[in-house]
Amino acid sequence: MMIKHWIIGLLGAFLLTWIAGRSLVDSILVRVADPVLQAITLRPDDLIAWRSEGWGLTLVGPHGLPGWQPRDTDLRVALWGDSQVEGVCVDDVDKIHRQVITLAAQVAGIDCDCLPVGRSGTDARDWRQRMPIVQAVFQPRCHVWLITDLDDLTALADPAPLPPAGPWARESPAWVRVLAELRGEALFSGAKRLLLNPDTGGLRSLDFSLGPRTAPAPNAETTANSPGVGDGEPRLDMVTSQVAEVATSFGESLILVYAPATPRIHNGWQGSHPDDERFETLRDAISARGIEVLDLRPDFLELWNGERKLPRGFPNGTPGLGHLNRDGNRIVASRIAAALSSRLLPAPSTAEPISLGNPR
């Protein structure tokens, strides 16, 4: 009888956890190959619920672009960046690209479309590599790089572009798709926590040996080539040259937006950021090449000083840290919309019409 009760209790607890997981943990992200963008993307038409930070719902649009709904206009903007551009922590209406569309219409009377082509875990090397195909498919009038971590920009100084890595290297395996269909979010989340190393993303290794542990010495060559390491004048000059080359290749249509984690709470209240000096050096050099650089640090500080709101963080996280929230997205979108007002002037198009629908 005792064994019977144990079995019933275990099955009941498992069933309750399975059902509760649908609402309380993050959705399982299914990635597929998109033949049009020639890349691995999120699966179109999936509804993503995000719970680990924020409480957002995201409907994945055509070509795997999160929260995107195609608009009937020739004035398009490609928004590049990392997970801040995906914006799964907030609802679709509060994502940066959707607010850019709304504010551009309100501020400048511009009917435009903004495409969130950025994806989590990427940097400027990936954006530069993917820009030609996005330009060919969508023909955007302007490209915007949203830089929330300066290392994502200084990565351009690395010797060669890196191939797609991690989850963007291949489609999701069959077992992930099956688990997503069965709504096994709780099992998936628990397995990731148990099996994966949060620092590396790889499988955990078990070590049963005795004695203290010492960290391995860093590889000198790897350290020298790592983004954000050794950012002396030659390296920053190289970043500036690479940015200028990209801007020239795309008809001077590039805008850089710098939106770091500031203000923030780190050993007390911090109104500055450790990357301030590096950024200001880069900003001056890039601006001298005629490339527009939007610095959102003053806007974020004004948001706090005037409204006592932080651009990052959610009630279930640390204030000032993590991803941009609805207010932070609004500030970013408002500056982008203002910058676009002089760039998105209607012009006759001689290009062949293209289909932006979901290629299924």
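As the structure is a computational prediction, the values presented were derived from the model and not from experiment.

Novice: Provide a residue-level description of the sheet that holds strand 5 (residues 76-80), including the pertinent values.
Specialist: An order of 6-5-7-8-11 is seen for the 5 strands of this open sheet, with the pairing classed as parallel. Every interior strand has two partners, whereas the edge strands, strand 6 (113-116) and strand 11 (292-295), have only one. Each strand axis lies, on average, 20° off the axis of its neighbour in the sheet, ignoring direction. For strand 7 (residues 142-147) and strand 8 (residues 254-258), the ladder comprises 5 bridges, and the chain directions are parallel. Counterpart to His143 in the pairing with strand 8 is Leu254. In the packing of helix 3 (residues 96-108) onto the sheet, contacts are made with strand 5, strand 6 and strand 7, and the angle to strand 6 comes to roughly 170°.

Novice: How would you explain the state of the cysteines if you had to name every residue and give the values?
Specialist: The final tally for this structure, using the stated rule, is 0 disulfides. Here Cys112 is not disulfide-linked; the sulfur of Cys114 is the nearest cysteine sulfur, at 6.7 Å. You can call Cys112 buried: its relative accessible area is 0%. Cys114 gets classed as buried once you look at its relative accessible area, which sits at 1%.

Novice: Hey, could you go over helix 3 for me, with residue numbers and the actual values?
Specialist: The first and last C-alpha atoms of helix 3 sit 17 Å apart over 13 residues, in line with the 18 Å expected at 1.5 Å per residue. Every buried residue of helix 3 is accounted for by Ile96, His97, Gln99, Val100, Ile101, Leu103 and Ala104. Buried residues along helix 3 sit against strand 5, helix 2 (83-86), strand 6, strand 7 and helix 12 (326-340). Residue Gly109 follows helix 3 closely and has a positive phi angle near 65°.

Novice: Got a sec to walk through helix 6 (residues 174-181)? Specific residues and values, please.
Specialist: Three or more residues of helix 6 are buried, namely Val176, Leu179 and Ala180. Each buried residue of helix 6 lies within a common arc of 100° when the element is viewed along its axis, so the set occupies one face. Exposed residues pointing more than 90 degrees away from the buried face of helix 6 are listed as Ala174, Trp175 and Glu181. Positive backbone phi, approximately 60°, marks Arg183, located one or two places after helix 6.

Novice: If you had to explain empty space enclosed by the protein to someone new, which residues and values would you point to?
Specialist: Scanning all chains against the criterion turns up 4 cavities of 30 Å³ or more. Of the pockets and cavities examined, the largest cavity occupies roughly 90 Å³. At 3 residues, strand 2 (residues 39-42) tops the list of elements feeding residues into the lining of the largest cavity. Of the voids in this model, the second largest cavity is the one considered here, and its volume is about 50 Å³. Lining the second largest cavity we find Ile147, Leu150, Leu153, Leu256, Val257, Tyr258, Phe279, Leu282, Arg283, Ile286 and Val293. Where the lining of the second largest cavity is concerned, the elements lending two or more residues are strand 8 and helix 10 (276-287).

Analysis parameters
Residues numbered from 1 in each chain as written. Predicted model: local features only at pLDDT ≥ 70, side-chain atom pairs only at ≥ 80, totals over all residues. Heavy atoms only, no water. Pairing = 2+ DSSP bridges. Helix = DSSP H or I, 4+ residues; strand = E, 2+ residues; numbered from the N terminus. Axes fitted to C-alpha atoms, helices over the stretch in contact; angles between N-to-C directions. Contact = heavy atoms within 4.5 Å. Disulfide = S-S within 2.5 Å. Buried < 20%, exposed > 50% of the residue type's maximum accessible area, 1.4 Å probe, protein only. Expected span 1.5 Å × (residues − 1). Arc of directions from axis to C-beta. 1 Å grid on protein atoms, 1.4 Å probe; cavity = no way out; pocket = protein on both sides within 12 Å on 5 of 7 lines; lining within 4 Å. Points joined across faces, edges and corners; volume = space filled by probe spheres on them.

Fair warning: the whole summary comes from geometry, so function is off the table for now.
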